[in-house]
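Inside the fold
One letter stands for each residue in the lines below.
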Amino acid sequence: MLERLRVIDSHTGGEPTRLVIDGGPDFQRLLTEGYVGPADDIAQRLRHVVRALERDHEDLRRGIICEPRSSEHWVGAWLLPPVDPANLCGVIFFNNVGYLGMCGHGTLGLMASLAYLGRANVGTYGIETPVGVVQAELRDAHHTTIGNVPSFLYRSDVSVPLVDRASVVGDLAWGGNWFFLAQAPAEAGPLTLANLPGLLRLTLELQASMEAHGITGPQGERIDHVELFAAGEPGADSRNFVLCPGGAYDRSPCGTGTSAKVACLAAHGKLASGQTWVQESITGSRFTASYQPLTAAEKAPAGCPVGMLAVRPSITGAAHVCGDTTLIFDPQDPFRAGIPA
Ligand code: PYC
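Here we summarise the structure given alongside this text. What you see is a predicted model; the values in this text were computed from it and never measured. (Residues numbered from 1 in each chain as written. Predicted model: local features only at pLDDT ≥ 70, side-chain atom pairs only at ≥ 80, totals over all residues. Heavy atoms only, no water.)

1. Concerning the layout of surface pockets
What the largest pocket holds in volume is close to 1,200 Å³. If you list the elements that add at least two residues to the lining of the largest pocket, you get helix H2 (42-56) and strand S6 (132-138). Residue contributions to the lining of the largest pocket peak at five residues, all from H2. Its residues placed into classes, the lining of the largest pocket shows 18 nonpolar, eight polar and nine charged. Approximately 280 Å³ is the volume attributed to the second largest pocket. Together, 15 residues line the second largest pocket, and Asp 171, Gln 183, Lys 261, His 268 and Lys 270 are the ones closest to its centre. Of all the secondary-structure elements, those providing two or more residues to the lining of the second largest pocket are strand S8 (152-162), strand S9 (165-174), strand S10 (178-183) and helix H6 (255-267). Among the residues making up the lining of the second largest pocket, the classes are represented as seven nonpolar, four polar and four charged. (1 Å grid on protein atoms, 1.4 Å probe; cavity = no way out; pocket = protein on both sides within 12 Å on 5 of 7 lines; lining within 4 Å. Points joined across faces, edges and corners; volume = space filled by probe spheres on them. Helix = DSSP H or I, 4+ residues; strand = E, 2+ residues; numbered from the N terminus. Nonpolar A, V, L, I, M, F, W, Y, C, P; charged D, E, K, R; others polar.)

This is the structure we're talking about:
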């Protein structure tokens, strides 16, 4: 029998998101079946769903996001019913190689898609993710401000060795995903689309080198995003190039990457609380970011070094719906589960 999934496609500053709104796994069941943790631990319940998806639904993930229905540049998003009815929904983001903790551009795309569907009006909503509940303030049909999960600098002055050229020194930080952040070395050339092959070569080597040298997060987490910085065009504080886990680069300034960036700036004393930071992407699209320190009542996130300032980043950006489609999965289709990598 043909399986059908309705998806809403959007892009956020050029970076695409495919939101699955109908069809696929029974998430109400996956949220409860086999779950033994505390009922009100929303992030843990969504991580439980991620494990079930990894165990039983890899074909669907690959089929939705890989060729021939999509490509490695896309981020997918499963729309879930909320665990806490006070929140608008849950969302689990994925890409060509697996699942993400959070996704900033994807959350902006989610809100534009829900506005398009008439499921969200201007206002502020809780969105449940596997790394915590984020706040999303829909400002109009396209613009949203995200109050992201607490973010922090984990280690600074980390040297990542490269073959045949000087090591790159930078920060390891959490912004809802793990990042290595560094000033782009001069020999990398400019952060421009014309220089993509060189930027991809360098960042892929940095990603592989961290893996080979055991450079990880505090619990051995893979540092799967690499973010290089250079001066921005007028009006932007900085321009970035972000390599994603599956080898694609982010066309947007990367919401979790910009969160990690403001956490590093805060920890280095280079950005005051409430001060804005305009982050430009390699395509020229922009997010406006700022942060607030956690309140005394808020717990520092797991893995945050003792004494390190953890902050709550806000990211504002725009997304546009660009497709409203039904995907078809035919059991007789040899590439039903995508073209194998
Ligand atoms: O915007 O957080 C983000 C993101 C992560 C991977 C691609 N985009």
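Back to the text.
2. What to know about the site of the ligand
Close to the ligand lie Cys 103, Gly 104, His 105, His 225, Cys 244, Asp 250, Cys 254, Gly 255 and Thr 256, which account for all nearby residues. A distance of 2.7 Å separates an oxygen atom of the ligand from a polar backbone atom of His 105. Interatomic distance of 2.8 Å between a side-chain N/O atom of Asp 250 and a nitrogen atom of the ligand. Coverage of the ligand by the protein amounts to 99% of the 240 Å² it exposes when considered alone. More than half of the atoms belonging to the ligand lie within 2 Å of the grid points that define the largest cavity. Breaking the shell around the ligand down by element, the ones donating at least two residues are helix H4 (104-116) and H6. For the shell around the ligand, the residue count by class is three nonpolar, five polar and one charged. (Near = heavy atom within 4 Å. Polar contact = N/O pair within 3.5 Å; in protein donor to acceptor, adjacent residues only side chain to side chain. Areas by Shrake-Rupley, 256 points an atom, 1.4 Å probe, with all protein chains shown as cover. Sits in = over half its atoms within 2 Å of the grid points.)

3. Re the pattern of salt bridges
What the rule picks out here adds up to 14 salt bridges. A salt bridge links Arg 18 to Asp 9, with the shortest nitrogen-to-oxygen separation between them at 2.9 Å. In this pair, the class of Arg 18 matches that of Asp 9, namely buried. Within the structure, one salt-bridge network assembled from shared partners comprises Arg 239, Glu 280 and Arg 286. (Salt bridge = Lys/Arg side-chain N within 4 Å of Asp/Glu carboxyl O. Buried < 20%, exposed > 50% of the residue type's maximum accessible area, 1.4 Å probe, protein only.)

4. So, the nonpolar core
Among the nonpolar cores identified, the biggest contains 67 residues, and Ile 127, Phe 180 and Leu 206 are the most heavily contacted of them. Looking at this core, the element that brings in the most residues is H4, giving six residues. Those residues in contact with Leu 206 that sit more than four places away from it in its chain are Val 160, Leu 162, Val 168, Phe 180, Val 226 and Leu 228. Ile 64, Ile 65, Trp 74 and Phe 329 belong to the second largest nonpolar core, which has 24 residues in total. (Core = buried A, V, L, I, M, F, W, Y, C linked by side-chain atoms within 4.5 Å. Contact = heavy atoms within 4.5 Å.)

5. A short note on the state of the cysteines
Going through the model one piece at a time under the given rule, you end up with zero disulfides. In this structure Cys 89 is a free cysteine whose sulfur lies 14 Å from that of Cys 103, the closest cysteine sulfur available. You can see Cys 103 has no disulfide; the closest cysteine sulfur is in Cys 254, sitting 6.9 Å from it. (Disulfide = S-S within 2.5 Å.)

6. A closer look at the packing of aromatic side chains
Applying the stated criterion across every chain yields a total of seven aromatic pairs. Centre to centre, the rings of Phe 152 and Trp 178 are 5.9 Å apart; their planes meet at 85°, and the pair counts as edge-to-face. In this pair, Phe 152 sits in strand S8 while Trp 178 sits in strand S10, placing the two residues 26 residues apart along the sequence. For Phe 152, a relative accessible area of 0% gives the class buried. Its relative accessible area of 7% is what places Trp 178 among the buried residues. Cluster of aromatic residues (ring-pair linked, three or more members): Phe 27, Trp 78, Phe 94 and Tyr 99. For the cation-ring pair, Arg 18 lies above Trp 74, with the distance from its terminal atom to the ring centre recorded as 5.1 Å. Between the NZ or CZ atom of Lys 261 and the centre of the ring of Phe 229, over which it lies, the distance is 3.8 Å. (Phe/Tyr/Trp six-rings, centres within 6.5 Å; stacked < 30°, edge-to-face > 60°. Lys NZ or Arg CZ within 6 Å of the ring centre and 35° of its normal.)

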